[in-house]
Amino acid sequence: MPASRTGIGYDSHRLVEGRPLILGGQRIPFEKGLLGHSDADAVAHALTDAILGAAAAGDIGKLFPDTDPQWKGADSIKLLFEACQLVRYRGFTPRQCDITVILERPKLGSHFTAMAETLSEATGIPVSAIGLKAKTNEGMGFVGRGEGIAVIAVATLEEA
Ligand code: MG
């Protein structure tokens, strides 16, 4: 059996007015969006870190520093794709991921199919091996107050 490696990723961004809400490459209709140097797609960022972490290949901030103007407003799905190219170059193939988005609003369930398709295209992971879930934080903390959104992701890579 080929060796497998697992990585974890976490990301959070502040919810503010005047920004589009982009999660998993989808523009989600909502009155606020996530603040960040890139498009602030916390789903793509957490998954990117999980994939990089599994390969012990650093993290998204190291690969695509937010001090670098070339990543300003960047499409985070492209960064995810680039990170997958890097781990493939190092001999790993992304096989599976599981993602939990923690937010009070909006409801995300109707966007999961489109998100999974976009994440599948970027990573090469089949849609059937991409888990997507949303949880509220029961009104507690920064998520509970609607100040931000957090995402936790786990990814498994197969070693060639
Ligand atoms: Mg981020």
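Keep in mind the model is a prediction, meaning the values are calculated, not measured. (Residues numbered from 1 in each chain as written. Predicted model: local features only at pLDDT ≥ 70, side-chain atom pairs only at ≥ 80, totals over all residues. Heavy atoms only, no water.)

Some words on the packing of helix α3 (residues 76-89) against helix α4 (residues 112-123)
(1) Moving on: The contact between α3 and α4 brings their axes to 8 Å, and the two run at 40°. Residues Ile77, Leu80, Phe81, Cys84 and Arg88 of α3 form the contact with α4, whose own contacting residues are Thr118, Leu119, Ala122 and Thr123.
(2) Moving on: Residues of the contact of α3 with α4, tallied by class, amount to 6 nonpolar, 2 polar and 1 charged. (Axes fitted to C-alpha atoms, helices over the stretch in contact; angles between N-to-C directions. Helix = DSSP H or I, 4+ residues; strand = E, 2+ residues; numbered from the N terminus. Contact = heavy atoms within 4.5 Å. Nonpolar A, V, L, I, M, F, W, Y, C, P; charged D, E, K, R; others polar.)

A closer look at the packing of aromatic side chains
(1) Moving on: As enumerated under the stated definition, the model contains 1 aromatic pair in all.
(2) Moving on: Relative to Trp71, the ring of Phe64 has its centre 4.8 Å away and its plane inclined at 80°; by these criteria the two rings are edge-to-face.
(3) Moving on: A residue is classified by how much of its surface remains accessible, and Trp71, at 18% relative accessible area, is buried. (Phe/Tyr/Trp six-rings, centres within 6.5 Å; stacked < 30°, edge-to-face > 60°. Buried < 20%, exposed > 50% of the residue type's maximum accessible area, 1.4 Å probe, protein only.)

Looking at α3
(1) Moving on: Over its 14 residues, α3 extends 20 Å from the first C-alpha to the last, a length consistent with the 20 Å expected when each residue adds 1.5 Å.
(2) Moving on: Along α3, the positions that sit buried rather than exposed are Ser76, Ile77, Leu79, Leu80, Ala83, Cys84 and Val87. Buried residues of α3, seen end-on, are gathered within an arc of 155° and therefore sit on one face of the element. Exposed side of α3, more than 90 degrees from the buried face: Lys78 and Tyr89 are the residues found there.
(3) Moving on: Those residues of α3 hidden inside the fold are in contact with α1 (42-54), α2 (60-63), β5 (92-102), α4 and β7 (148-159).
(4) Moving on: The backbone nitrogen of Ile77 has a side-chain oxygen 2.9 Å away, supplied by the residue at the start of α3, namely Asp75.
(5) Moving on: Gly91 sits one or two residues past α3 and shows a positive phi near 95°. (Expected span 1.5 Å × (residues − 1). Arc of directions from axis to C-beta. Polar contact = N/O pair within 3.5 Å; in protein donor to acceptor, adjacent residues only side chain to side chain.)

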